[in-house]
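Residues per chain, in single letters:
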Amino acid sequence: MTATPAAALLRVRDLKTYFVTEHGRGTARAVDEVSFDLYPGETLGIVGESGCGKTVTSLSILRLVPEPPGHILPGSLIEFEGRNLLALAPPELRSIRGNQIAMIFQEPMTSLNPVFTVGDQIAEAAIIHQRLSRRAARARAIEMLKLVGIPDPEQRVDDYPHQMSGGMRQRVMIAMALICHPKVLIADEPTTALDVTIQAQILELLDRLQHELGMAVLLITHDLGVVAGHTDRVVVMYAGRVVETASTTELFEHPTHPYTEGLLAAVPRVDTPRSRLHAIPGQVPAATAWPTGCRFHPRCPYAWEKCVAQEPPLLDAGGGEGEGGRHTARCWLVTEPERRQAKR
Amino acid sequence: MTFGSWLALVVAIVLSAEVVRWLRHRALRHERWRRFFRHPTAAWGCGILTFLIIVAIAAPLVAPLDPIVQPDPVRLKNHAPSLTFLMGTDVFSRDVWSRFAYGARVSLGIGALGALIAVSLGSCVGAVAGYYRRWVDAILMRGVDIGLALPRIFIVLMAVALWDRLSFAWLTLVIGLTSWFATSRLVRAEVLALRERDFVVAARALGVPSSRVIFGHVLPNAAAPIIVSAALSVGNVLLLEASLSFLGIGVAPPRPSWGNMIADGAVTIYTAPWTTLFAGLAISLVVMSLNAVADGLRDALDPRQDPA
């Protein structure tokens, strides 16, 4: 693991992405002051339930949030190798998309264009960014198909997406994303739509490619099992905010935020027989009306008056200094640990 | 009719039948094209269109006489159809069959080229409006509303008033430029739905420029409705040309087009109905065939009917 204090490859600071809802029902603060760093060669996991802003965060990095209704507020900073992506002109931004920072999506079924062969789609980024000829790009596409483990790449290169299975299509998506050897790969729930066995294969493939190509991966998922096996550090998001960051081992050993605790308790385990799965009561509130104070307080088993009145900042939760960076949590329990006994 | 033109006519008929048979044979291999030929009228439509296209291309071979020449304005005028004059002669003693064949060139040519202009322009405008939405969409679509509200005959009349007589190229252009409105609406609606698809975001995430996203990724997915609309447009443009020529502001006489053949024959419609009958029949047949083909294409290209 990279514990060296290398410069962050990607720095996200105070990212605010809001959506103006139609009919003037207010503003959805989908991502609200999110900050994190991504270092070269590491895998950073972003975890959280549906609707807590993970996907919007990842789309914001490449400025793919549909505008309108969405917009990234001024004051946000997304810095890649010292350049603020939010201030780039469209052509410069395009030269980063797919070239330096690439992205793979949740739905391999719909993320490929149905009317073109997979070879054409893989080759496209190489033609655009590396100015390869069609012939050279096709050769590269075949190489990439081989790299992502598709059998008979010379034949499959001329297949259309509908001729492939879900797992194969996700491999094609990975090939598309990696053809220009990006420095950062954003994987937005890359395995959610796949069978469990295929899921494991795809994640192993990503791990292997990360080692071979030496890129940093931002892995967005709601699956803590995926986080445990495939990330170095974790950012836990809730209601548009970062609520906890820690190295993966630290997070699993000492979860501090009650939300993280709840998520961990909700993971089904094979070693402890249990009749019912634990669930966090309630659901993520609507992004147009986050609760006052700590946004988790209506669902929190420890919440007291202070949590309703005042939102905690990201507090240093101790432990984990050094490897994987600081362990921080956005919870007043860090300052008043004795309250942990007083579970509602 | 000379022996050569009879021979050419027979060859044209046989050839078009063969083309349809060959298409049908090829279609058996693909579910989509099997669906096309399941339409009872689609094969007939293909056959009629193929025949008329062959006649148009081979006009010098199938036509025994020059379409403009008047062999004997006194004795041969309004001659009834016979073995010599397959479709009779008109009021100026010109051979109607020869004019019909050369007229097919003009009418089908304007139909195809005009529709090509209309569909290309309509697709571009519709795709841009649907992709960018907001003010781009608002401006373009209000323009389309205006275009749809204005009667096309009126626009063409204005063009004629400005430039007196329109040449073939200008006529095609004017017709094409006034026929794209409906297509642009159709394409816009299609693109509005397509732009929300994941592969569009995926393409943008790869750094594909907007123009390439629109014309390289989105528009090809709208190919099916565009092709159907193109088939229908050819018919519309052909009808517009015919009505303009009938009014005397389309193709300049003595050059034959099906529209001005009807106009020429209108005066003798009671005494020599063949002078208008065949051209009128051809126009109706082409439009009906195109509608039949468009219906077939609509089913053939509909992905919802594809086996999973």
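What you see is a predicted model; the values in this text were computed from it and never measured.

Conventions and cut-offs
Residues numbered from 1 in each chain as written. Chains lettered and ligands numbered in written order. Predicted model: local features only at pLDDT ≥ 70, side-chain atom pairs only at ≥ 80, totals over all residues. Helix = DSSP H or I, 4+ residues; strand = E, 2+ residues; numbered from the N terminus. Buried ≥ 20, exposed ≤ 12 C-beta atoms within 10 Å, placed from the backbone. Rg over C-alpha atoms; globule rule 2.2 N^0.38 Å. Contact = placed C-beta atoms within 7 Å. pLDDT = per-residue confidence, 0-100. Nonpolar A, V, L, I, M, F, W, Y, C, P; charged D, E, K, R; others polar. Pairing = 2+ DSSP bridges. Core = buried A, V, L, I, M, F, W, Y, C linked by C-beta atoms within 7 Å. Axes fitted to C-alpha atoms, helices over the stretch in contact; angles between N-to-C directions. Left-handed = near helix turned anticlockwise from the far one by under 90°. Expected span 1.5 Å × (residues − 1).

**What to know about the overall build of chain B**
Point 1. Counting its secondary structure elements, chain B contains 14 helices and zero strands.
Point 2. Of the regular secondary structure in chain B, the N- to C-terminal order runs α-α-α-α-α-α-α-α-α-α-α-α-α-α.
Point 3. Principal-axis analysis of the C-alpha atoms places the extent of chain B at approximately 75 × 50 × 30 Å.
Point 4. Taken across its 308 residues, chain B has 47% of its residues classed as buried.

**Concerning the overall build of chain A**
Point 1. Of regular secondary structure, chain A possesses 11 helices and 13 strands.
Point 2. Against the globule reference of 20 Å for 344 residues, chain A gives a C-alpha radius of gyration of 21 Å, in line with a compact fold.
Point 3. Structurally, chain A occupies a C-alpha span of about 65 × 50 × 45 Å along its principal axes.
Point 4. Counting only residues that meet the buried cut, chain A has 47% of its 344 residues in that class.
Point 5. The contacts of chain A with a sequence gap of at least 6 include a subset with a gap of at least 24, amounting to 65%.

**Observations regarding the confidence of the model for chain B**
Point 1. Across chain B, the average pLDDT comes to 83, with 98% of residues at 70 or higher.
Point 2. Per-residue pLDDT, averaged within each element of chain B, yields its smallest value for helix α4 (residues 59-62) of chain B (79) and its largest for helix α9 (residues 181-194) of chain B (89).

**Observations concerning unusual backbone geometry**
All names here are of chain A.
Point 1. Phi is positive for D14, which is not a glycine, with a value near 50 degrees.
Point 2. Tracing the backbone through its elements, the reader meets D14 in strand β1 (residues 10-20).
Point 3. D14 sits in the exposed class, given 12 other C-beta atoms within 10 Å.

**Quick word on the interface of chain A and chain B**
You'll often see interface size given as the accessible area lost when the parts meet.
Point 1. Taken residue by residue, the interface counts 21 residues in chain A and 14 residues in chain B.
Point 2. Looking at the side of chain A that touches chain B, the elements that each hand over two or more residues are α2 (90-96) and α3 (118-129) of chain A.
Point 3. Per-element accounting of the side of chain A that touches chain B gives the leading share, four residues, to α3(A).
Point 4. Here the residues of the side of chain A that touches chain B sort into 10 nonpolar, seven polar and four charged.

**Description of the pairing of β1(A)**
All names here are of chain A.
Point 1. Where β1 meets strand β5 (residues 77-80), four bridges bridge the pair, whose relative direction is antiparallel. Counted as the bridge partner of R11 is E79 from β5.
Point 2. Summarising the sheet, β1 and strand β4 (residues 70-72) pair through three bridges and their orientation is antiparallel. What sits directly across from F19, in β4, is G70.

**Notes on the nonpolar core**
Point 1. Membership of the largest hydrophobic core comes to 189 residues, with the highest contact counts inside it found for A:A175, A:V184, A:L218, B:L52 and B:V55.
Point 2. Sort the elements by how many residues they give to this core and helix α5 (residues 96-132) of chain B lands first, with 18 residues.

**Digging into the sheet that holds strand β10 (residues 233-238) of chain A**
Residues and elements named next belong to chain A.
Point 1. As summarised here, the arrangement of the eight strands in space is β7-β8-β9-β3-β10-β11-β13-β12, forming an open sheet in which the pairing is mixed. Both edges of this open sheet fall to β7 (101-104) and β12 (315-316), since each of them pairs with a single strand only.
Point 2. Alignment of strand β3 (residues 43-47) against strand β9 (residues 216-221), held across five bridges, turns out to be parallel. Following the sheet pairing, T43 is matched in β9 by V217.
Point 3. Contacts from helix α6 (residues 166-178) reach β7 and β8 (184-188), with the element oriented near 170 degrees to β7.

**A few points about the packing of α5(B) against α9(B)**
Residues and elements named next belong to chain B.
Point 1. Closest axis-to-axis distance for the α5/α9 pair is 7 Å, and the angle between their directions is 40 degrees. Relative to α9, α5 is oriented so that their crossing is right-handed. Contacts from A118, V119, G122, S123, V125, G126, A127, A129, G130 and Y131 in α5 reach F181, T183, S184, R185, L186, V187, R188, V191 and L192 in α9.
Point 2. Residues belonging to the contact of α5 with α9 are distributed by class as follows: 11 nonpolar, six polar and two charged.

**A short note on helix α12 (residues 223-246) of chain B**
Point 1. Taking 1.5 Å as the rise per residue, α12(B) with 24 residues should run 34 Å; its terminal C-alpha atoms sit 34 Å apart, in good agreement.
Point 2. Of all 24 residues in α12(B), 18 are buried; the element is thus mostly enclosed.

**A look at the environment of A:A141**
All names here are of chain A.
Point 1. Residue placement: A141 occurs in helix α4 (residues 134-147).
Point 2. C-beta crowding within 10 Å serves as the criterion here: with 28 such atoms nearby, A141 is assigned to the buried category.
Point 3. Placed 145 residues apart in sequence, A141 and A286 show a C-alpha to C-alpha distance of 43 Å.
Point 4. What A141 contacts, discounting residues up to four positions off in sequence, is G119, I122, A123 and V157.

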